[in-house]
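Chain residues, written in single-letter form:
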Amino acid sequence: MLVLNRTVTKARELADRFGARWAGLDEQGIAAIAGHSDLVVQASRVGMGKDGGDPVPGYRFSGREIVYDLVSVPRETPLLARARAAGCTVISGIRMLLSQLLGQFRLFTGHDFPAALLEELDREL
């Protein structure tokens, strides 16, 4: 596992908790992704809103990665668009929101979310 962060001390602190490698979001850190890129999870605000942006513009996707961007608006961030174009499997942040919705529904009602409504939501996503 590799943790990258703009603030190197934050990357190191998180990585140390999980026995992972760490690096900054610089050329050296982006180069390190190649050995740890089966699953790429983007958890920063980069790509959110109208300003867009790509947190790792220098990384070249091989097409075998699964790329999960936790940003939900827009649904397809510049990172996801670039990953999709390279042939990667992509997961939008809207999936995280749906998972949270299902868990909250179960907590509040004691029941699973109605299957028919879930299928409809899934088609929309």
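The structure contained in this document is the topic of the report that follows. (Residues numbered from 1 in each chain as written. Predicted model: local features only at pLDDT ≥ 70, side-chain atom pairs only at ≥ 80, totals over all residues. Heavy atoms only, no water.)

**Some remarks on the environment of D54**
Piece 1. With respect to the secondary-structure elements, D54 resides in the loop between β3 (39-42) and β4 (66-69).
Piece 2. In this structure the C-alpha to C-alpha distance between D54 and L79, which are 25 residues apart in sequence, comes to 5.2 Å.
Piece 3. In this structure D54 touches V46, P78, L79 and R82, once residues within four positions along its chain are discounted.
Piece 4. Polar contacts involving the side chain of D54 include one to the main-chain amide nitrogen of V56, which spans 3.0 Å. (Helix = DSSP H or I, 4+ residues; strand = E, 2+ residues; numbered from the N terminus. Contact = heavy atoms within 4.5 Å. Polar contact = N/O pair within 3.5 Å; in protein donor to acceptor, adjacent residues only side chain to side chain.)

**Examining the sheet that holds β3**
Piece 1. Reading across from one edge, β3-β4-β5 is the order of the 3 strands in this open sheet, with parallel pairing throughout. Looking at the sheet topology across the chains shown, the edges are occupied by β3 and β5 (89-91). Ignoring strand direction, the axes of neighbouring strands in this sheet form an average angle of 15°.
Piece 2. In terms of strand pairing, β4 meets β5 through 3 bridges, oriented parallel. Its bridge partner being in β5, Y68 is matched across the sheet by I91.
Piece 3. With respect to the sheet, helix α3 (residues 78-85) is in contact with β3, β4 and β5, its orientation differing from that of β4 by roughly 165°. (Pairing = 2+ DSSP bridges. Axes fitted to C-alpha atoms, helices over the stretch in contact; angles between N-to-C directions.)

**Re the pattern of salt bridges**
Piece 1. This model, assessed by the stated rule, comprises 3 salt bridges.
Piece 2. Across the pair D54 and R82 runs a salt bridge whose closest N-O atoms are separated by 2.7 Å. Placement of D54 in the loop between β3 and β4 and of R82 in helix α3 is noted, with a sequence separation of 28 residues between them.
Piece 3. Taking the relative accessible area as the measure of exposure, D54 reaches 18% and is therefore buried.
Piece 4. One salt bridge in this structure joins D112 and R106, with 2.7 Å as the shortest N-O distance. (Salt bridge = Lys/Arg side-chain N within 4 Å of Asp/Glu carboxyl O. Buried < 20%, exposed > 50% of the residue type's maximum accessible area, 1.4 Å probe, protein only.)

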